[in-house]
Amino acid sequence: MPRRPESAGTARRLARTALDEWGVDGGPADQILLVVSELVTNAVEHAQPPVALHLHRPTPGGTLRVEVDDGGPATHEGAWAASCRPEECGRGTSIIDSLATTHGTRTLPHGTTHWADLPIAA
């Protein structure tokens, strides 16, 4: 996905399609879509391209893993992050903390992967 604010909406639409195909709906789907949005927005605002979304198909009654790859830390902030006041940003990690069973970061030779595991049972 390009390093543009619209990428978060694109990622949500792609994720919604996959979740519908996998039969994940209701509250769990809403929470997954919120985490997708937060991770992609973080990549768009704070990392270099490319930005890629990966959803790992859940096992019944298990968890779904959301991964967002980026090209590593950006040399400058994205347009929104650069224009906001400190009290207007920085809540994404808290949101992910409250929704994910676990989450983290992997540093790779080509960039960084941010991931979160979310329950799919209501």
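Caption draft 1: Up close: the side chain of Asp 70. Looking at the secondary structure, you find Asp 70 in strand E2 (residues 63-70). Summary of buried charges: Asp 70 has no salt-bridge partner, and the nearest side chain of opposite charge, Arg 3, is 9.1 Å away. Side-chain polar atoms of Asp 70 contact the backbone nitrogen of Gly 72, separated by 2.8 Å. The contact partners of Asp 70, leaving out residues within four places of it in the chain, are Ala 43, Ala 47, Gln 48, Pro 50, His 110, Gly 111, Thr 112 and His 114.

Caption draft 2: How the structure looks around the environment of Leu 108. Within the secondary structure layout, Leu 108 lies in strand E3 (residues 102-108). Its relative accessible area of 27% is what places Leu 108 among the partly exposed residues. As for Leu 108 and Gly 72, which are separated by 36 residues in sequence, their C-alpha atoms are 8.8 Å apart.

Caption draft 3: Spatial organisation of the pattern of salt bridges. Across all of its chains, the model carries six salt bridges by this definition. Taking the shortest distance from any N to any O, the salt bridge between Glu 6 and Arg 4 comes out at 3.1 Å. The class of Arg 4 is partly exposed, set by a relative accessible area of 46%. Through salt bridges with shared partners, a single network forms among Arg 65, Glu 67, Arg 106 and Asp 117.

Caption draft 4: View of the nonpolar core. Counting residues in each nonpolar core, the largest one holds 26 residues, and the members touching the most others are Ile 32, Val 36, Val 66 and Leu 118. For this core, the secondary structure elements donating two or more residues are helix H1 (6-22), helix H2 (26-46), E2, helix H4 (92-99) and strand E4 (111-119). The greatest single-element share of this core, amounting to nine residues, is contributed by H2. Those residues in contact with Leu 118 that sit more than four places away from it in its chain are Gln 31, Ile 32, Val 35, Gly 62, Thr 63, Leu 64, Val 66, Leu 99, Ala 100 and Thr 101.

Caption draft 5: Layout of H1. Counted at 1.5 Å a residue, the expected span for H1 with its 17 residues is 24 Å, and the 25 Å between its end C-alpha atoms agrees. Along H1, the positions that sit buried rather than exposed are Ser 7, Ala 8, Gly 9, Ala 11, Ala 15, Ala 18 and Leu 19. Where H1 is buried, its residues touch H2, strand E1 (52-56) and E2. The positive-phi residue at the C-terminal boundary of H1 is Gly 23, with phi of around 75 degrees.

Caption draft 6: Looking closely at the environment of Pro 109. Here Pro 109 lies in the loop between E3 and E4. Taking relative accessible area as the criterion, Pro 109 reaches 89% and is therefore assigned exposed. Sequence-wise, Pro 109 and Gly 72 are 37 residues apart; in three dimensions their C-alpha atoms are separated by 9.3 Å.

Caption draft 7: Expanded view of the pairing of E4. The buried count for E4 comes to eight of nine residues, which makes it a mostly enclosed element. Examined bridge by bridge, E2 and E4 share eight bridges and lie antiparallel to one another. Residue Asp 70 lies in a different strand from E4, and its bridge partner there is Thr 112. Pairing between E3 and E4: seven bridges, direction antiparallel. Residue Thr 102 lies in a different strand from E4, and its bridge partner there is Asp 117. Here E3 folds back onto E4 in antiparallel fashion, the turn holding two residues.

Each value, and the rule that gives it
- Residues numbered from 1 in each chain as written.
- Predicted model: local features only at pLDDT ≥ 70, side-chain atom pairs only at ≥ 80, totals over all residues.
- Heavy atoms only, no water.
- Helix = DSSP H or I, 4+ residues; strand = E, 2+ residues; numbered from the N terminus.
- Buried < 20%, exposed > 50% of the residue type's maximum accessible area, 1.4 Å probe, protein only.
- Lys, Arg positive; Asp, Glu negative; His and termini not counted.
- Salt bridge = Lys/Arg side-chain N within 4 Å of Asp/Glu carboxyl O.
- Polar contact = N/O pair within 3.5 Å; in protein donor to acceptor, adjacent residues only side chain to side chain.
- Contact = heavy atoms within 4.5 Å.
- Core = buried A, V, L, I, M, F, W, Y, C linked by side-chain atoms within 4.5 Å.
- Expected span 1.5 Å × (residues − 1).
- Pairing = 2+ DSSP bridges.

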